[in-house]
Amino acid sequence: MMPDVLPCYLVCDVSFSMSDHIDEVNAGMREFRGVVHADRRAAAQIRLCVVVFAESPLVVRPLLPALDPAELIRPRQESGSDFGSAFTLLRTVIERDVHALKEQRARVRRPVLFFVSDGRPTDPAWPAALERLTATPACPEMIAFGLGAVDQPTLGRIGTSRVFLGGDGVRLGTALASSVARRVLRAEHV
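Just so you know, these numbers come straight off a predicted model, no measurement behind them.

Caption draft 1: Seen up close, the pattern of salt bridges. Inspection of every chain in the model, using the stated rule, returns 6 salt bridges. Taking the shortest distance from any N to any O, the salt bridge between aspartate 4 and arginine 107 comes out at 2.8 Å. Separated by 103 residues along the polypeptide, aspartate 4 in strand β1 (residues 4-13) and arginine 107 in strand β4 (residues 107-108) bring together distant segments of the chain. Residue classification places aspartate 4 among the buried residues on the basis of a relative accessible area of 16%. Overall, the relative accessible area of 32% leaves arginine 107 in the partly exposed class. Among the ionic pairs, arginine 76 bridges to glutamate 78, the shortest N-O distance being 3.7 Å. When its relative accessible area of 17% is taken as the criterion, arginine 76 is described as buried.

Caption draft 2: Expanded view of the environment of glutamate 95. Along the chain, glutamate 95 turns up in helix α3 (residues 83-103). Among the residues examined, glutamate 95 registers a relative accessible area of 34% and is labelled partly exposed. In this structure the C-alpha to C-alpha distance between glutamate 95 and alanine 138, which are 43 residues apart in sequence, comes to 6.5 Å.

Caption draft 3: Layout of α3. Over its 21 residues, α3 runs 30 Å from end to end, which matches the ideal 30 Å to within 8%, given 1.5 Å per residue. Capping the start of α3 is the job of one residue whose side-chain oxygen sits 3.3 Å from the backbone nitrogen of glycine 84: aspartate 82. At the exit of α3 stands arginine 105, carrying a positive phi of roughly 65 degrees.

Here is what the cut-offs are and how they apply
- Residues numbered from 1 in each chain as written.
- Predicted model: local features only at pLDDT ≥ 70, side-chain atom pairs only at ≥ 80, totals over all residues.
- Heavy atoms only, no water.
- Salt bridge = Lys/Arg side-chain N within 4 Å of Asp/Glu carboxyl O.
- Helix = DSSP H or I, 4+ residues; strand = E, 2+ residues; numbered from the N terminus.
- Buried < 20%, exposed > 50% of the residue type's maximum accessible area, 1.4 Å probe, protein only.
- Expected span 1.5 Å × (residues − 1).
- Polar contact = N/O pair within 3.5 Å; in protein donor to acceptor, adjacent residues only side chain to side chain.

Note that all results are geometric; they support no functional claim without further evidence.
This is the structure we're talking about:
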């Protein structure tokens, strides 16, 4: 029997405006890993990739089992938040990962993309890059998590499935774990 795999992408804005919130992101990743560790079924299915961005995006953790420890995310002293380049990179990474998983004969569930930011892009063309990402056959379920002085309308455009706001008392790890748990229970494949 082919294994089910749920690719998850944590995408974090590490620009200067987010520097006060990076500790919360790292704590959320630890909490998420603990939740996955407690559920053998989820642990067997979930793969996690971490992408950070400011003026440019970078994959800091390729798609690996969620139980594998992740390195700490570090803020960058860059003022720009180039959402468009992050979405463009993610389209390439997700398509490549889904293809590789299918080559390994895995049954690939629809990916989950968890976008963490204050929602203040500095590139005006980002909506076109988001549209290209969501138009792919491996279109991820888009969830946004806002931290700091949040631009809710922007995060609402990104988090088409769900938007969480850290200021509402929701912890990032809890939001990530509940979002992924919903996907584990659904049998939607790409």
